[in-house]
Amino acid sequence: WVASLLDIIAIRTLPLLESDYSRRQVVLDSLRFSDRVVAISQATVDDAAQYYTGLGEDYRSKTSVLHLGVEHLSASIPNAVFDRAQRFTPRQREAVRTGGYALLIGNTFRHKQVREAAAALRSFDQPVIAFGSTAADDGGTVVPLPSGYLTDEDISALYGSASVIVYPSAYEGFGLPIVEAAVHG
C-alpha cells in the first residue's frame, strides 16, 4: 500500500499529540510497512527519519517527494466576489476592497501562532487581516477573518490585495501559503 506523509506535526506538537497518543504508532507502522511513501517535501522525509530513528534506508529508498502546487487564479476579479458575499462583514469587505493590508495567515492550532502575531501587529501602521483568526473584531487595526469557508476566488482576492504576507507558523511540512502568495505576486 502507499502511505502519504504531509508532516508529523501531530506527533511533534504536544497539544495535538495529546488528543491521540496512538497516532505515533499508526504513523510509524504506516511508514515501516507500506510499499511506497509519498511525502510533500524533503524536509518532511528528513523530519520523519529523524523522529523515527529505526526506519533505516528502506524508508528512504521507498519514499518519493511530490511537492504541492497551486492553481493560479486571477487576482483582478475576486474583489467583486468579496463585495457581494454576505458571509463577510462590512469591515472585512472594505479591508479587501481598499487593499494594501498585511495578510496574516494561519488557523486556530497553536503552532500557527496567529494570536501572538495579531497581538504583535496591532501597532502596525497599516490594516492587518488575520486570516484564520477566531478572535472577536474589536474595531482596531486587526480585522479577524475565520478560515474554513472561503472559496478559491476569496483566497485569491485576499492574496492579490495584500501588500505583505505574514506567515508566523512555528512548524510546517511544506508551507503552501507561501507558494500561494508567490503566485499572486
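To be clear, the structure that these remarks concern was listed above.
Now for a look at the structure at hand. The structure displayed is predicted, hence computed values, not measured ones. Residue positions within a chain follow its written sequence, with the count starting from 1. Two thresholds apply to this predicted model, a pLDDT of at least 70 for residue-level local features and 80 or more for giving and counting side-chain atom pairs, whereas whole-chain, interface and lining totals are computed over all residues. Processing note: side-chain calculations cover all non-hydrogen atoms of the structure and skip hydrogens and water entirely.

With respect to the overall build of the protein
Logical step 1: Strands here mean DSSP runs of E at least two residues long; helices mean DSSP runs of H or I at least four residues long; both are numbered from the N terminus. Within the protein, the secondary structure is distributed over ten helices and seven strands.
Logical step 2: Looking at the 185 residues of the protein, the share that counts as buried comes to 41%.
Logical step 3: Across the protein, contacts joining residues at least 24 apart in sequence account for 68% of those joining residues at least 6 apart. Throughout this description, buried means an accessible area under 20% of the type-specific maximum (1.4 Å probe, protein chains only), exposed means over 50%, and partly exposed covers the range between. Only heavy atoms enter the contact rule, under which two residues are in contact if any of them lie within 4.5 Å.

Observations concerning the side chain of Ser169
Logical step 1: Within the secondary structure, Ser169 is located in the loop between β7 (162-166) and α10 (176-183).
Logical step 2: On the basis of relative accessible area, Ser169 is assigned to the buried category, the value being 17%.
Logical step 3: Any N or O atom pair separated by 3.5 Å or less is treated as a polar contact, with the protein-specific requirement of one donor-capable and one acceptor-capable atom, and with residues adjacent in sequence counted only for side-chain atom pairs. Separated by 3.0 Å, the side chain of Ser169 and the backbone oxygen of Tyr171 make a polar contact.
Logical step 4: A polar side-chain atom of Ser169 sits 2.5 Å from a polar atom in the side chain of Glu172.
Logical step 5: Once residues within four sequence positions are removed from consideration, Ser169 is found in contact with His111, Lys112 and Gln113.

Description of the pattern of salt bridges
Logical step 1: Counted as salt bridges are all cases of a side-chain nitrogen of Lys or Arg within 4 Å of a carboxyl oxygen of Asp or Glu. Considering all chains together, one arrives at seven salt bridges under this definition.
Logical step 2: Of the charged contacts, one joins Glu94 and Arg97 as a salt bridge, the two residues approaching to 2.3 Å between their closest N and O atoms. Taken together, the residues Glu94 and Arg97, both in helix α7 (residues 90-98) and three residues apart, mark about one turn of the helix.
Logical step 3: By relative accessible area, Glu94 is classed as partly exposed at 39%.
Logical step 4: Since its relative accessible area comes to 39%, Arg97 is described here as partly exposed.
Logical step 5: For Asp138, the salt bridge goes to Arg122, with nearest N and O atoms at 3.7 Å. Pair noted here: Asp138 is in the loop between β5 (128-131) and β6 (142-145) and Arg122 is in the loop between α8 (114-121) and β5, with a separation of 16 residues, a long-range link.
Logical step 6: You can call Asp138 exposed: its relative accessible area is 53%.

A few points about the sheet that holds strand β3 (residues 63-65)
Logical step 1: Taking strand neighbours across the sheet as the criterion, the three strands line up as β1-β2-β3 in an open arrangement whose pairing is parallel. Two strands lie at the open edges of the sheet, namely β1 (2-5) and β3, each paired on one side alone. For this sheet, the mean angle separating the axes of adjacent strands, direction not counted, is 25 degrees.
Logical step 2: A pair of strands is considered paired only if DSSP assigns at least 2 bridges between the two. Bridge count for β1 against strand β2 (residues 36-39) is four bridges, and the pairing is parallel. Bridging across to β2, Ala3 finds its partner in Val37. Between N-to-C directions, angles span 0 to 180 degrees; the directions come from axes that are lines fitted to C-alpha atoms, helices contributing only their stretch in contact.

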